[in-house]
Number of protein chains: 4
Amino acid sequence: MANSKYEYVKAFEQPDVLLPNTWIVVRIDGRGFHKLTDRYNFTKPNDRRALDLMNAAAVEVMKDLPDLCIAYGVSDEYSFVFHPSCQLFERRNGKLVTTIVSTFTAHYVYLWNSYFPDSPLQSPHLPSFDGRAVVYPSTQNLRDYMSWRQVDCHINNLYNTTFWMMVLKGGMSNTDAEQELKGTVSADKNEILFKRFGINYNNEEEIYKKGSVVYRQYQLEDVKSKTTVQEEPALQEGQVSKTQQEKLRKLRRKAQVVVDHVDIIKDEFWERRPWILSGKPGKLPAE
Amino acid sequence: MANSKYEYVKAFEQPDVLLPNTWIVVRIDGRGFHKLTDRYNFTKPNDRRALDLMNAAAVEVMKDLPDLCIAYGVSDEYSFVFHPSCQLFERRNGKLVTTIVSTFTAHYVYLWNSYFPDSPLQSPHLPSFDGRAVVYPSTQNLRDYMSWRQVDCHINNLYNTTFWMMVLKGGMSNTDAEQELKGTVSADKNEILFKRFGINYNNEEEIYKKGSVVYRQYQLEDVKSKTTVQEEPALQEGQVSKTQQEKLRKLRRKAQVVVDHVDIIKDEFWERRPWILSGKPGKLPAE
Amino acid sequence: MANSKYEYVKAFEQPDVLLPNTWIVVRIDGRGFHKLTDRYNFTKPNDRRALDLMNAAAVEVMKDLPDLCIAYGVSDEYSFVFHPSCQLFERRNGKLVTTIVSTFTAHYVYLWNSYFPDSPLQSPHLPSFDGRAVVYPSTQNLRDYMSWRQVDCHINNLYNTTFWMMVLKGGMSNTDAEQELKGTVSADKNEILFKRFGINYNNEEEIYKKGSVVYRQYQLEDVKSKTTVQEEPALQEGQVSKTQQEKLRKLRRKAQVVVDHVDIIKDEFWERRPWILSGKPGKLPAE
Amino acid sequence: MANSKYEYVKAFEQPDVLLPNTWIVVRIDGRGFHKLTDRYNFTKPNDRRALDLMNAAAVEVMKDLPDLCIAYGVSDEYSFVFHPSCQLFERRNGKLVTTIVSTFTAHYVYLWNSYFPDSPLQSPHLPSFDGRAVVYPSTQNLRDYMSWRQVDCHINNLYNTTFWMMVLKGGMSNTDAEQELKGTVSADKNEILFKRFGINYNNEEEIYKKGSVVYRQYQLEDVKSKTTVQEEPALQEGQVSKTQQEKLRKLRRKAQVVVDHVDIIKDEFWERRPWILSGKPGKLPAE
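No experiment lies behind these values; they were computed from the predicted model shown. (Residues numbered from 1 in each chain as written. Chains lettered and ligands numbered in written order. Predicted model: local features only at pLDDT ≥ 70, side-chain atom pairs only at ≥ 80, totals over all residues. Heavy atoms only, no water.)

A. The pattern of salt bridges, seen in detail. Under the counting rule described, the total for this entry stands at 88 salt bridges over all chains. As a salt-bridge pair, Arg48 of chain C and Asp52 of chain C come within 3.0 Å of each other at their nearest N and O atoms. Of this pair, Arg48 of chain C and Asp52 of chain C both sit in helix α3 (residues 48-64), 4 residues apart, which is roughly one turn of the helix. In this structure, a network of salt bridges that share partners links the residues Glu13 and Lys95 of chain A together with Arg27, Asp29, Asp130 and Arg132 of chain B. (Salt bridge = Lys/Arg side-chain N within 4 Å of Asp/Glu carboxyl O. Helix = DSSP H or I, 4+ residues; strand = E, 2+ residues; numbered from the N terminus.)

Okay, here's the thing in structure tokens:
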């Protein structure tokens, strides 16, 4: 019994290879997390367990896919970045995105009990994530994308911190707090926090203010000697053989994946960790 | 602190809306399940627990997304079908695929312990799935896609059943069994099964021979009266308002989602369940 | 001297094959024809020479590409239709569109002098066209597309006829005529034409009211016997070999390409010319 | 008479905006020019009139679209390049490609008689062109694309020059010449040309050996002072307003479009004409 009669349907699949020599960002977002945070009683404005769980799942994704060079997470979203020289899955959009979404989801659900021992998952109300890939032609574009997410983290966190203080400590209704915050700028919110609640926003935890940066750790470079961060991707399209790719993957697996809460808008972060933008593994830290 | 300086990076997202008035098939596949089945000692050639787990996860996906009209699963793959009139997520490819992949993964991991109580998951070796969407312009194309998968199920299962009999019961090496089966047709394999192992393939369980069909159950139609299955999608693009869509979703949620192991190549299955191809909910079965 | 060092740049070309088993409509539009009609003194509201030139160029495109089954033109736009079974240029979007745009432009420029003997082209003010392809999954969608263009032709022509009568015969300024027509319906315009200028719109030339339909002529079918126009494309994807395609092309080249100004919204046009939607050449008219 | 009933068909058009901040190359190719060169008796191996006609049409395209920064032509193909900051037609693929293809075709047909006064065009055997767009993320990729085409020009011209000498002067049959050239390298062909026909390939005309480069002429920069060619596009996505775009277009229209036959593989060409890669108009040459 041959299958040839029906096999023509395979011809309807359309290719979705991402443009070569571009940065690939896969961003995933929690689906309906507003409802979910209510159901499982997430702490407001930030639930440390939830963020740690996000980070733990992201670390597993980074370990599973050594082609990833950096990831950045805030709230219920995470952005994973592939280098322009990446050839994983022949750069097929769907394959890259679904693999990350599924691997992340698997670890998130699996690890849930470790982070929420008192709030077991209740089917069918399980966490899930959607995702999309965006490509960026230049390193500047990629840096701007990362800055965009971190600025967003700051803006949202300042708002949320102020809002929930007004509600939880200030006894205001959600609507009243929302109303008062409408049109305020950062300085206004800082003042509300300080004057009404004695809170200096600068002293808030870095994980809330900066989000979480996940990457492989090698020996940091001395910024002064600054061997100029290369703007152009160092590895050229088509010049990395399958064997070389496999070798690079092995090297990267040896590096530790770390979670940091630091500024990624200024140059320093990138200059001291040149392997992230160059795509070339650095020196492993001395024991 | 405005975010406008970096927001230009949003312009790099490219639209991925699927062509209107086409059937959307989202097929997901287990990633590296060959290794996984070894690690968790899946029974060969078919592990009933694993198939039941796949089906349970698929049922949850069907319940979560009432826009789905049918799903078909075999081995570690599952195909989910949206009607041509579907407007879910504005038919965005990435959103549809990642939502299904993530929801399926979440339930699969969550339910694992119920189906494999003696083989708990061991991180980082968690199951994950990739996925892709394909659109089909005509109902005949969709029917042919479904037939393609079911014929494939049959071909693979006959091969695997024979192969594993030769290895497990016949004491042959994998290589020898593979060698002997090379070039054989269905009749040859049936004969090997019958003559050497006394097995009549027709008596094998339907779930292995036919795969699993998942759909909403309404009152079956009498085939004789056959009100001719409409070839053209019954609901026209643009004629279904958001309110109507929500109403349809509610109606569909009332129907029971069932798992069947039946022929979906012949017309009968589709003629008796006209709601699947018409996109119009049927009559709920009398209590 | 090998070229391999630079050949990697070929990998950046992205595939653009159109979905199989769908109707392909390539619509071209005059670029900046408003200015062009002024420069070359086109008659208002309709310039018969200009329409005849459009039609002549369209006929040449139809002859050059026997895979085309019908074309429809109005004003400075033309829509060319390929059958769902069409495999020309492997259905590559760019190739199909640019071939039609370029062939049309070549004939339009070449034939200009025959239709405008007193207004020779003045470089660099040459006519040019842009174009795009759209695919339609069902025959009903294709029919609706054609109806859309013909309704548009009617709406625009009634407006333009009335407007230019008011300006050219009625001595009104463009602005005044525009102002008065704002918000009017068809009946109002018909009345203006009749009461002020003694014109019965129904007696206007068909080419202005209906646009131009271009197709291959075979023996008309008797509508009464009506062998039901097939809604589904008659030729299945993948079932037409290269040899058969070439044979079909030869058959089609034998048919005369005709220009008609008739209703294509109602069924009759399509029922009497079943070869257009079936993709199967009809019977050549008896000599 | 409203058109709303059919207007839903507009929703089937799919967006085709090219990735921002990338170089856009539109390459057009003569359709069936092999036959065409026979019909109109083009001189072998190169027909100077034909190349001059190609160049004249390309110059008109450059003048018509000031957003173009450079073009390169060889044989019956031409590549037109838009800068990464280009916003013309919102970077819609189809619109950009068809506009170039159509404008080029119009001028090519219009100018034919000036270049081939003794071989008037014979309908329906008119020249036409197809085209496609490819985007390149980095300036290095764009430079490599240009080098690829110029190396190709050299390889083909050396081959054709040798081949046609052997046939036209050497009295060999096409097959014999082809046979002898199979597997030869450049040195071999140079030797055949020199030993048998007394031709020093280096003395061949530059237009044949190098192809044609078309660009806007400003004051050349002194290479020594070399203000380092910027690798990164100088104009950032989203930072060029519509007004600024229009201003830039006007400035560019003032520059003369020139045709050159020079090396574009080495750096010198680009360093002396920094406006091509920077996207910023240079200084107009002193009168």
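B. Structural context of the interface of chain D and chain A. Across the boundary between the two partners, chain D contributes 10 residues, which contact 10 residues of chain A. Surface buried jointly by chain D and chain A totals about 930 Å² across both partners, of which 55% is contributed by carbon and sulfur atoms. Linking chain D to chain A there are 0 salt bridges. For the pair chain D and chain A, the interface holds 2 residue pairs in polar contact (both at pLDDT 80 or more). Its residues assigned to classes, the side of chain D that touches chain A shows 4 nonpolar, 5 polar and 1 charged. (Contact = heavy atoms within 4.5 Å. Buried area = accessible area lost by both parts, 1.4 Å probe. Polar contact = N/O pair within 3.5 Å; in protein donor to acceptor, adjacent residues only side chain to side chain. Nonpolar A, V, L, I, M, F, W, Y, C, P; charged D, E, K, R; others polar.)

C. Expanded view of the packing of aromatic side chains. Tallied over the full model, the rule gives 88 aromatic pairs over all chains. Plain terms: the ring middles of Phe80 of chain A and Phe104 of chain A are 6.2 Å apart, the flat faces sit at 70 degrees to each other, and that makes the pair edge-to-face. With Phe80 of chain A in strand β3 (residues 77-82) and Phe104 of chain A in helix α4 (residues 93-115), this residue pair connects regions lying 24 residues apart in the sequence. Both residues of the pair, Phe80 of chain A and Phe104 of chain A, belong to the buried class. The interplanar angle of 50 degrees and the centroid separation of 5.3 Å between the aromatic rings of Phe33 of chain B and Phe129 of chain B together place this pair among those described as tilted. Remark: Phe129 of chain B occurs in strand β4 (residues 129-136) and Phe33 of chain B occurs in helix α1 (residues 33-39); sequence separation between them is 96 residues. Exposure remark for Phe129 of chain B: the relative accessible area of 0% places this residue in the buried category. Ring-pair connections join several aromatic residues into one group, and the members of that group are Phe33, Tyr40, Phe42, Tyr78, Phe80, Phe104, Tyr108, Trp112, Phe116 and Phe129 of chain A. Between Lys95 of chain B and the ring centre of Phe89 of chain B, over which it is positioned, the NZ or CZ distance is 5.4 Å. (Phe/Tyr/Trp six-rings, centres within 6.5 Å; stacked < 30°, edge-to-face > 60°. Buried < 20%, exposed > 50% of the residue type's maximum accessible area, 1.4 Å probe, protein only. Lys NZ or Arg CZ within 6 Å of the ring centre and 35° of its normal.)

D. Here's a closer look at the relation of the copies chain C and chain D. Superposing chain C onto chain D takes a rotation of 180 degrees combined with a translation of 0.0 Å along the rotation axis, leaving an RMSD of 0.0 Å. Here the copies are linked by what is in effect a two-fold axis. Most of the interface of chain C is mirrored in chain D: 100% of its interface residues are interface residues there too. (Least-squares fit on C-alpha atoms with pLDDT ≥ 70 in both.)

E. Quick look at the packing of helix α2 (residues 48-64) of chain D against helix α3 (residues 93-115) of chain D. Residues and elements named next belong to chain D. Close contact between α2 and α3 brings their axes to 8 Å; oriented N to C, the two are set at 135 degrees. By the angle class used here, α2 and α3 are oblique. α2 and α3 meet at a crossing whose hand is right-handed. Contacts between α2 and α3 involve Arg49, Asp52, Leu53, Met54, Ala56, Ala57, Ala58, Glu60, Val61 and Asp64 on the former and, on the latter, Ile100, Thr103, Phe104, His107, Tyr108, Leu111, Trp112 and Tyr115. In terms of residue class, the contact of α2 with α3 is made up of 12 nonpolar, 2 polar and 4 charged. (Axes fitted to C-alpha atoms, helices over the stretch in contact; angles between N-to-C directions. Parallel < 35°, antiparallel > 145°, perpendicular 65-115°, else oblique. Left-handed = near helix turned anticlockwise from the far one by under 90°.)

F. Region of interest: the interface of chain C and chain D. On the chain D side, the residues contacting the 56 residues of chain C number 56 residues. Taking both sides of the interface into account, the surface hidden between chain C and chain D amounts to around 4500 Å²; carbon and sulfur atoms contribute 62%. Where chain C meets chain D, there are 6 salt bridges. Put simply, Lys95 of chain C and Asp130 of chain D hold a salt bridge, and the shortest N to O gap is 2.7 Å. Counting every contact that joins chain C to chain D gives 22 residue pairs in polar contact (both at pLDDT 80 or more). For the side of chain C that touches chain D, the elements supplying multiple residues, two or more each, are α1 (4-7), α3, α4 (93-115), β4 (129-136) and α5 (139-169) of chain C. By residue number, the principal contributor to the side of chain C that touches chain D is α4 of chain C, which donates 13 residues. For the side of chain C that touches chain D, the residue count by class is 27 nonpolar, 17 polar and 12 charged.

G. Main features of the UniProt feature "domain: tRNAHis guanylyltransferase catalytic" (unreviewed entry) in chain A. Residues annotated in UniProt with the feature "domain: tRNAHis guanylyltransferase catalytic" (unreviewed entry) correspond here to residues 6-137 of chain A. Structurally, residues 6-137 of chain A comprises 37% helix and 22% strand, and the distance from its first C-alpha atom to its last is 40 Å. (UniProt positions renumbered as here; feature names shortened; annotations may be inferred.)

H. Examining the side chain of Ser102 of chain B more closely. Of note, Ser102 of chain B is situated in helix α3 (residues 93-115). Not counting the four nearest positions on each side in its chain, Ser102 of chain B is found in contact with Val101, Thr105, Ser128 and Phe129 of chain A.

I. Spatial organisation of unusual backbone geometry. Cis geometry is adopted by the peptide bond preceding Pro124 of chain C, which originates at Ser123 of chain C and carries an omega value of 5 degrees. Locating Pro124 of chain C in the fold gives a position in the loop between α4 and β4. The linkage connecting Lys44 of chain D with the following residue, Pro45 of chain D, adopts the cis geometry, with an omega of 0 degrees. Positive phi values are uncommon outside glycine, yet Ser75 of chain C reaches one of about 55 degrees. With respect to the helices and strands, the residue Ser75 of chain C is situated in the loop between β2 (68-74) and β3 (77-82). A relative accessible area of 49% means that Ser75 of chain C is categorised as partly exposed. One non-glycine residue, Arg91 of chain C, adopts positive backbone phi at about 60 degrees. Considering the arrangement of structural elements, one finds Arg91 of chain C in the loop between β3 and α4. The class for Arg91 of chain C is buried, based on a relative accessible area of 2%.

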